[in-house]
Amino acid sequence: MKISKLFVTVLTVLMIASCGKEETKPTYEVVFKSAKTTDCTACLYVLLPEYDKVQLLDSVKPQAGVYRFHGSIGDAAEAFVRLKGDTIAYSFVLTDNRITIVADSSLYRIYGSRSNDRLTRLLSQKIVNRESCRKINQSYLRLVADSTLTRTDEDSLRNLFDVEQRRFSKFVVSELSRDVADYPVMSRLALRLFYTDLLLEDRDSLMKIVKREE
């Protein structure tokens, strides 16, 4: 009888120890902070590339001006946050860890993983590109308004614009060509985000590189 009780006790201890060692499922926490934050709902979507569709993962209201999403994703995936009533999609790479997205009027930055650090670097250069092109366009419009635009001025401004567009296109190609092997999901997402900003030949070469890693 005593041996039986001892056996049950030992078995119970082993079961408790086994349960204590059970691994918990990895989860994500996405923290979204926006200058546009009101009381509206924010939605978190994930892209399903095999179906060419998006899936709503969660929708939340802000708490103290911050949106927080929780869940589990498994493999890295292309995702985005969108405020209801807004057309802007804040794209990022969703992984099971803490990710913080900070958005203002001109740029959003993503913290929490190397792939999102790489994406933020590309987004920052897009802002530089946009600002340079805006200044060139302003110079053109000012000369037109003053009726002082010459053919030489027009050609010079067009050349500056083309140079800036080519610079940004080549920058994206260089970055993604280097990153695609280590960060295939980010590279696929970046190609989608910057597709219309790329020169035609750069689009074709990057599409081939990205598809090789799929």
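Everything discussed here concerns the structure shown above.
Residues numbered from 1 in each chain as written. Predicted model: local features only at pLDDT ≥ 70, side-chain atom pairs only at ≥ 80, totals over all residues. Heavy atoms only, no water.

Student: Could you give me a rundown of the overall build of the protein chain, with the residues and numbers involved?
Tutor: Secondary structure summary: the protein chain contains five helices and eight strands in total. Helices (α) and strands (β) of the protein chain occur, in sequence order from the N terminus, as α-β-β-β-β-β-β-β-β-α-α-α-α. Burial status across the protein chain gives 36% buried among its 214 residues. Summing over all exposed atoms, the protein chain offers an accessible surface of approximately 13,400 Å²; the carbon and sulfur share of this is 55%. (Helix = DSSP H or I, 4+ residues; strand = E, 2+ residues; numbered from the N terminus. Buried < 20%, exposed > 50% of the residue type's maximum accessible area, 1.4 Å probe, protein only. Areas by Shrake-Rupley, 256 points an atom, 1.4 Å probe, with all protein chains shown as cover.)

Student: Explain the packing of aromatic side chains to me, and be specific about the residues and the numbers.
Tutor: With the rule as written, the count across this model stands at five aromatic pairs. A centroid spacing of 6.0 Å and a plane angle of 40° characterise the contact between F32 and Y67, whose relative ring orientation is tilted. Within this pair, whereas F32 is found in strand 1 (residues 28-34), its partner Y67 is found in strand 4 (residues 67-71), the two being separated by 35 residues in sequence. Taking the relative accessible area as the measure of exposure, F32 reaches 0% and is therefore buried. The class for Y67 is buried, based on a relative accessible area of 0%. Among the aromatic residues, ring-to-ring pairing joins F32, Y67, Y90 and Y108 into one connected group. (Phe/Tyr/Trp six-rings, centres within 6.5 Å; stacked < 30°, edge-to-face > 60°.)

Student: Could you give an account of the side chain of S113, with specific residues and numbers?
Tutor: Among the structural elements, S113 can be located in the loop between strand 8 (108-111) and helix 2 (114-145). Looking at S113, the relative accessible area reads 16%, which means it is buried. Among the polar contacts made by the side chain of S113, one reaches the side chain of S115 at a distance of 3.2 Å. (Polar contact = N/O pair within 3.5 Å; in protein donor to acceptor, adjacent residues only side chain to side chain.)

Student: Run through the pattern of salt bridges, naming residues and quoting values.
Tutor: Side-chain pairs of opposite charge can arise whenever the charged atoms involved come near each other. With the rule as written, the count across this model stands at 18 salt bridges. When the shortest N-O distance is used, the salt bridge between R118 and E175 registers 2.7 Å. Of the two residues, R118 sits in helix 2 while E175 sits in helix 3 (residues 151-179), which places them 57 residues apart along the sequence. Salt bridges here are not isolated pairs; linked through shared partners, they connect R118, R121, E175, R178 and D179. (Salt bridge = Lys/Arg side-chain N within 4 Å of Asp/Glu carboxyl O.)

Student: Please set out the sheet that holds strand 5 (residues 77-83) residue by residue, giving values where relevant.
Tutor: Strands sit in the order 3-2-5-6 across an open sheet of four strands; the sheet is antiparallel. Edge positions in the sheet fall to strand 3 (53-60) and strand 6 (90-94), since each has one partner strand and no second. Adjacent strand axes in the sheet meet at a mean angle of 30° when their direction is disregarded. For strand 2 (residues 42-48) and strand 3, the ladder comprises seven bridges, and the chain directions are antiparallel. (Pairing = 2+ DSSP bridges. Axes fitted to C-alpha atoms, helices over the stretch in contact; angles between N-to-C directions.)

Student: Residues and numbers for unusual backbone geometry, please.
Tutor: Even without glycine at this site, A64 takes up a positive phi of about 55°. Backbone geometry at S147 places phi at a positive 60°, although glycine is not the residue there. Within the secondary structure, S147 sits in the loop between helix 2 and helix 3. On the basis of relative accessible area, S147 is assigned to the exposed category, the value being 67%.

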